[in-house]
Every structure is written in C-alpha cells, then in structure tokens.
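Chain by chain, the residues run as shown.
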Amino acid sequence: AQVAGAAALARIGPEAAQDAEEGAELLSGMLRHPDRERRIASAEGLAYMGAAGAIFAGNVAENLVDPVLRVRQAAARALGDMGEAGAAYADRLAPLLQNPHMRHAAIGALTTLGSHHDEVAALLVSPEWFVRRDALLGLAASGHGAAAHAKAVASLLSDPHRDVRLSAVGALAAAMPVTAGYAGPLRQLVNNEVEDLDIRRAGKVLLEAMECTTSN
C-alpha cells in the first residue's frame, strides 16, 4: 500500500510536487527493503514518478547487483524509463547484454534510452533466435537504432525462424524512410508463397510504403 500510494502522488499534478518528492524519497529507501517484492515495486514506482523518481536513479542502479534476479531485472527496466538520469547508468546496463538472464531487460532499457545501439545490434548475429528477435524488437522501438543498422536488419528477412523474420519487417518499418532501399529483399519475402501469412501481410504493407517513398 505504501508503494502504490507513493507512486500515485505523481498523478495529482504540480500542486503535489512536494508530496511527490517525499514519496520518491520513501520509495528510494525501500529499494533496500528485505522483502524482494518491495524492492521490485519501489523501482517500478520510481520509474513511474518521472522527474521526481529519476532523482534516485543512482539508488535504483545499485539494485543491478541485487542477489535476486527479478529485482535486478526491475532495476534495469526502471533505469530505461528514467530518461537522462537513467542514461547516466547505461554503461552499467551494457555488460548485461551478455547475461542470458538480464539480456532482455537490458536491451529494452538501452534502446529506450537511445544508448549502446551498436552493442544491441551485435546481437543480431546471435546463434539463438530469440536473442536476434529481442535485438530487432529493441532496435525497432528506438527507430533510429534500426535505421543505423538497416543492412543487418534486412539480412534477417531470410532468417530461418518465423518470429525473427516478422520482427525484421517491423524493424525496417520503424526505420522508414531510411530503409526504403531494401524493397528488393522484402519483395522476395512477400512473393514467397510458402511464407507465413502474417509476415507476407506485414511485408506487403511495408513494401507499398517503400514504393511510395521511392516514387516521390
């Protein structure tokens, strides 16, 4: 109840700024609570509180080495939602890309913060399909991350795994119009009659957008 109430202070508006600051300080103290669920909820609450909570990004970052995995994951996600304050700890998040238990949260946090896109893109050649997919989803969420690595993204249109191919289409779409030059491999995907129907549909929509861009 304390956690939920403190996070809710941010919803009241500017007139409650003082209360929000006090609430954020309360949540910050609870990041070290013996109860793991309190530590998790505290990180989530601080992230929700915007600027008032972001002041305590350093305290949240300390939980990246918590002995409980879910607490570490919550800390990574929270930092990703803390804007510039969270970005100050991007160098602590980047090594977690190599941790199979923390990778998903780290990808989401770093791409949301617009940081370490090259390291995330390096995962596009992972031997594990779900890592390639997660990297694509992260780069797509950032938009410009996918644009900067458009060639590598487009190469995954021929990936052996269905979810990776679908995510590649989504990443190319998120990076438009920069990726309009990759209509060729996308057309091959769309014209493949044995391809998954959802992928062909998504690819067709993107292909039409690409053709409109290149014709203007």
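In what follows, the structure referred to is the one given above.
Rules and cut-offs
Residues numbered from 1 in each chain as written. Predicted model: local features only at pLDDT ≥ 70, side-chain atom pairs only at ≥ 80, totals over all residues. Heavy atoms only, no water. Axes fitted to C-alpha atoms, helices over the stretch in contact; angles between N-to-C directions. Helix = DSSP H or I, 4+ residues; strand = E, 2+ residues; numbered from the N terminus. Parallel < 35°, antiparallel > 145°, perpendicular 65-115°, else oblique. Contact = heavy atoms within 4.5 Å. Nonpolar A, V, L, I, M, F, W, Y, C, P; charged D, E, K, R; others polar. Buried < 20%, exposed > 50% of the residue type's maximum accessible area, 1.4 Å probe, protein only. Core = buried A, V, L, I, M, F, W, Y, C linked by side-chain atoms within 4.5 Å. Expected span 1.5 Å × (residues − 1). Patch = residues over 30% accessible without salt bridge, like charges linked within 9 Å, V, L, I, M, F, W, Y side chains within 5 Å. Areas by Shrake-Rupley, 256 points an atom, 1.4 Å probe, with all protein chains shown as cover. Salt bridge = Lys/Arg side-chain N within 4 Å of Asp/Glu carboxyl O. Lys, Arg positive; Asp, Glu negative; His and termini not counted. Charge placed at Lys NZ, Arg CZ, Asp CG, Glu CD.

**Things to note about the packing of helix H3 (residues 36-48) against helix H6 (residues 69-80)**
Now for step 1: The interhelical angle for the contact between H3 and H6, taken along N-to-C directions, is 5°, at an axis separation of 9 Å. When the axis of H3 is compared with that of H6, the two are roughly parallel. Contact with H3, carried on its side by Arg36, Glu37, Arg39, Ile40, Ala43, Glu44 and Ala47, involves Arg70, Val71, Ala74, Ala75, Arg77 and Ala78 of H6 and no other residues of that element.
Now for step 2: Partitioning the contact of H3 with H6 into residue classes produces 7 nonpolar, no polar and 6 charged.

**Re the environment of Ala174**
Now for step 1: Its location among the elements puts Ala174 in helix H14 (residues 162-174).
Now for step 2: On the basis of relative accessibility, which here comes to 35%, the residue Ala174 falls in the partly exposed class.
Now for step 3: The residues contacting Ala174, other than those within four sequence positions of it, are Ala140 and Gly143.

**So, the packing of H6 against helix H9 (residues 103-113)**
Now for step 1: The N-to-C vectors of H6 and H9 enclose an angle of 10°; their axes lie 8 Å apart at closest approach. Regarding the angle of H6 to H9, the classification is roughly parallel. Between H6 and H9, the contacting residues are Gln73, Ala76, Arg77, Leu79 and Gly80 on the first element and Ala105, Ala109, Thr112 and Leu113 on the second.
Now for step 2: The residue makeup of the contact of H6 with H9, split by class, is 5 nonpolar, 3 polar and 1 charged.

**Some words on the nonpolar core**
Now for step 1: One finds Val60, Leu93 and Leu186 to be the most contacted residues of the largest nonpolar core, which totals 61 residues.
Now for step 2: Beyond its immediate stretch of four places on either side in the chain, Leu186 contacts Leu157, Val169, Gly203, Leu206, Leu207 and Met210.

**Observations concerning H6**
Now for step 1: For H6, built from 12 residues, the straight-helix expectation of 16 Å at 1.5 Å per residue is met to within 8% by its first-to-last C-alpha distance of 17 Å.
Now for step 2: Buried within H6 are the following residues: Val71, Arg72, Gln73, Ala74, Ala75, Ala76, Ala78, Leu79 and Gly80.
Now for step 3: Where H6 is buried, its residues contact H3, helix H5 (57-62), helix H7 (83-87), helix H8 (90-93) and H9.

**Observations regarding unusual backbone geometry**
Now for step 1: Following Met176, the chain continues into Pro177 via a peptide bond in cis, with omega recorded as 5°.
Now for step 2: Positive phi values are uncommon outside glycine, yet His116 reaches one of about 55°.
Now for step 3: Residue placement: His116 occurs in the loop between H9 and helix H10 (117-121).

**Digging into a negative patch on the surface**
Now for step 1: Side chains of Asp19, Glu21, Glu22 and Glu25 sit close together on the surface and give a patch of like negative charge.
Now for step 2: Along the polypeptide, Glu21 turns up in helix H2 (residues 17-30).
Now for step 3: Under the relative-accessibility criterion, Glu21 is labelled partly exposed at 41%.

**Digging into the side chain of Ser167**
Now for step 1: With respect to the helices, strands and loops of the structure, Ser167 is situated in helix H14.
Now for step 2: The exposure class of Ser167 is buried, given its relative accessible area of 10%.
Now for step 3: Apart from the residues lying within four places of it in its own chain, the contact partners of Ser167 are Arg133, Leu136 and Leu137.

**With respect to the pattern of salt bridges**
Side-chain pairing between opposite charges can occur once the charged atoms of the two side chains come close.
Now for step 1: The full count for this structure, using the stated rule, is 10 salt bridges.
Now for step 2: We note a salt bridge from Glu128 to Arg103, for which the minimum N-O separation is 3.9 Å. Placement of the pair is Glu128 in the loop between H10 and helix H11 (129-142) and Arg103 in helix H9, with a sequence separation of 25 residues.
Now for step 3: On the basis of relative accessible area, Glu128 is assigned to the partly exposed category, the value being 35%.
Now for step 4: Overall, the relative accessible area of 12% leaves Arg103 in the buried class.
Now for step 5: Residue Arg165 is joined to Glu195 by a salt bridge in which the shortest nitrogen-to-oxygen separation is 2.8 Å. With Arg165 in helix H14 and Glu195 in the loop between helix H15 (183-190) and helix H16 (197-215), this residue pair connects regions lying 30 residues apart in the sequence. The same class applies to Arg165 as to Glu195, namely buried.
Now for step 6: When salt bridges with common partners are traced through the structure, they connect Arg162, Asp163, Asp196 and Asp198 into a single cluster.

All quantities given are derived from atomic positions and should not be read as evidence of function.
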